[in-house]
Amino acid sequence: MLDAHGDDARPLAGGQSLVAMMNLRLARPSVLVDLNAVDELFGIRLDGEVLHIGAMTRQASILASTLVDQRAPLVSLALKHVGHFQTRSRGTIGGSLAHADPSAELALAMVTLGAKLRLQSVDNERVVDAREFFVDAMTTVVGSGEIVSEVMIPVESGAAIVAFREYSRREGDFAIVSAAAHKSQSEDTLLVGVGGVGAVPRFCRQLSIALSKAQFDADVAAELVRSELEQIEAISDLNADGAYRRHVASQFLLEVIREVLE
């Protein structure tokens, strides 16, 4: 149906983003294709060192999953900041990622962890790195007739230390700025990401490489954070200007890095 109707159609997942945009007349698709009866798009399973989550899996189900909490704890931690109980009971992981809000917590978690997304259409199937999936605010690489069908998160056998920070005006609101860190104990690697500063969540590659095998040094970390944030074209809107977002992000990044390293 998506293939037949082309750009006039939109897939409907949990409806927590698309329906709100339709209410405001920001989105006016001619055709809605409901994905809720497609059983193959639901579920959580572990295959070796990869955690597979179907795109239609509810955020509440992921948050309640012991498997996710044990093997991908950053996802569980980020999900606690996503909306409210009511919205998480309907909202899906695939819908949130495809919506591509610059401040989305799940998007930041996937970019930080280096997850991959499976995209499917009538004629094709491809796998895209989460760090290449987001193009701009509300814009992804998903093409006409494609849907996100699965999210694949690399996991480890050992425990991981994770940290997440978010600033929003009220609990459950969109994050104005957020930061995440994941420290692998088995591989001694550090993954750091920041959201809400630019149009897309950013994996802080320089920070991750420079601090992976280092003891926490506040001065060194602060300089690396400053350098990383200078490379982001910060957005300004009614909630905060670019300078303020950078300031909050620098504090959050230092906090999550300190937390996982110490």
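Because the structure is predicted, anything quoted here is derived from the model rather than measured.

Trainee: Whenever I open this one, the overall build of the chain confuses me. Can you help?
Mentor: When you go through the chain residue by residue, the secondary structure sums to 12 helices and 13 strands. The C-alpha radius of gyration computed for the chain amounts to 18 Å, which stays within 12% of the reference 18 Å derived for 262 residues, consistent with globular compactness. The C-alpha extent of the chain, read off along each of the three principal axes, is 55 × 45 × 35 Å. Here the contacts in the chain between residues at least 6 apart in sequence split such that 58% fall between residues at least 24 apart. Total accessible area on the chain is roughly 12600 Å²; 49% of this is exposed by carbon and sulfur atoms. When the 24 basic and 35 acidic side-chain charges of the chain are each reduced to a single mean position, those positions are 3 Å apart.

Trainee: Which parts of the structure should I look at to understand the sheet that holds strand 6 (residues 125-129)?
Mentor: The strands that make up a sheet are held in pairs by hydrogen bonds between backbone atoms, and each pair lies either parallel or antiparallel. The strand order 3-4-9-5-6 describes an open sheet built from five strands, whose pairing is antiparallel. Of all strands in the sheet, those with a lone pairing partner are strand 3 (44-47) and strand 6, marking the two edges. Neighbour to neighbour, the strand axes of the sheet diverge by 25° on average, direction disregarded. Two strands pair when backbone bridges link them, and strand 5 (residues 116-120) and strand 6 are joined in this way by five bridges, in the antiparallel orientation. By the bridge assignment for strand 6, Gln120 is matched with Glu125.

Trainee: Looking at this structure, I do not really get the sheet that holds strand 11 (residues 177-184). What am I missing?
Mentor: Taken in spatial order, the four strands line up as 10-11-12-13 in an open sheet, and their pairing is antiparallel. Either end of the sheet is taken by a strand with one partner, and the two such strands are strand 10 (160-167) and strand 13 (202-203). Relative to strand 12 (residues 190-195), strand 11 is paired through six bridges, and the arrangement is antiparallel. Counterpart to Ala180 in the pairing with strand 12 is Gly193. On top of the sheet, helix 12 (residues 242-261) reaches strand 10, strand 11 and strand 12; it is set at about 160° to strand 10, its chief contact.

Trainee: Help me understand the pairing of strand 1 (residues 9-12), please; the structure alone is not making it clear to me.
Mentor: The side chains of a regular strand alternate between both faces of the sheet. Pairing between strand 1 and strand 2 (residues 31-34): four bridges, direction parallel. Along strand 2, the bridge assignment pairs Arg10 with Leu32. Handedness of the crossover joining strand 1 and strand 2 through helix 2 (residues 18-23) is recorded here as right-handed.

Trainee: What's the story with the packing of aromatic side chains in this structure? I'm lost.
Mentor: To describe a pair of aromatic rings, one takes the distance between the centres and the angle between the planes. What the rule picks out here adds up to one aromatic pair. With centroids separated by 5.0 Å and ring planes inclined at 90°, the aromatic side chains of Phe133 and Phe134 adopt a geometry described as edge-to-face. We classify Phe133 as buried; its relative accessible area is 0%. The class for Phe134 is buried, based on a relative accessible area of 10%.

Trainee: Which parts of the structure should I look at to understand helix 12?
Mentor: One full turn of an α-helix is made of 3.6 residues, so residues set three or four places apart face in the same direction. Helix length check: helix 12, at 20 residues, gives a terminal C-alpha distance of 28 Å against a target of 28 Å (1.5 Å per residue), a fit within 8%. Every buried residue of helix 12 is accounted for by Gly242, Arg245, Val248, Ala249, Ser250, Phe252, Leu253, Leu254, Val256, Ile257, Val260 and Leu261. Residues of helix 12 that are buried sit in contact with strand 10, strand 11, strand 12, helix 10 (205-211) and helix 11 (218-230).

Trainee: Help me understand the side chain of Glu146, please; the structure alone is not making it clear to me.
Mentor: For Glu146, the position within the fold is in the loop between strand 8 (139-140) and strand 9 (147-154). From its side chain, Glu146 meets the backbone nitrogen of Gly143 in a polar contact 2.7 Å long. Among residues more than four places away in sequence, those in contact with Glu146 are Leu119, Gln120, Ser121, Arg126 and Val141.

Trainee: I would appreciate a short explanation of helix 11 in the present structure.
Mentor: Helix length check: helix 11 (13 residues) gives 18 Å between terminal C-alpha atoms against 18 Å at 1.5 Å per residue, within 8%. Among all positions of helix 11, only Ala221, Val225, Glu228 and Leu229 are buried. Buried residues of helix 11, viewed axially, fall in a sector of 90°; they line one side. Opposite the buried face of helix 11, by more than 90 degrees, sit the exposed residues Asp219 and Glu230. Next to the buried residues of helix 11 lie strand 13, helix 10 and helix 12. The backbone nitrogen of Asp219 has a side-chain oxygen 3.0 Å away, supplied by the residue at the start of helix 11, namely Asp217.

What counts, and where the lines are drawn
- Residues numbered from 1 in each chain as written.
- Predicted model: local features only at pLDDT ≥ 70, side-chain atom pairs only at ≥ 80, totals over all residues.
- Heavy atoms only, no water.
- Helix = DSSP H or I, 4+ residues; strand = E, 2+ residues; numbered from the N terminus.
- Rg over C-alpha atoms; globule rule 2.2 N^0.38 Å.
- Contact = heavy atoms within 4.5 Å.
- Areas by Shrake-Rupley, 256 points an atom, 1.4 Å probe, with all protein chains shown as cover.
- Lys, Arg positive; Asp, Glu negative; His and termini not counted.
- Charge placed at Lys NZ, Arg CZ, Asp CG, Glu CD.
- Pairing = 2+ DSSP bridges.
- Axes fitted to C-alpha atoms, helices over the stretch in contact; angles between N-to-C directions.
- Right-handed = clockwise from strand over helix to strand, strands pointing away.
- Phe/Tyr/Trp six-rings, centres within 6.5 Å; stacked < 30°, edge-to-face > 60°.
- Buried < 20%, exposed > 50% of the residue type's maximum accessible area, 1.4 Å probe, protein only.
- Expected span 1.5 Å × (residues − 1).
- Polar contact = N/O pair within 3.5 Å; in protein donor to acceptor, adjacent residues only side chain to side chain.
- Arc of directions from axis to C-beta.

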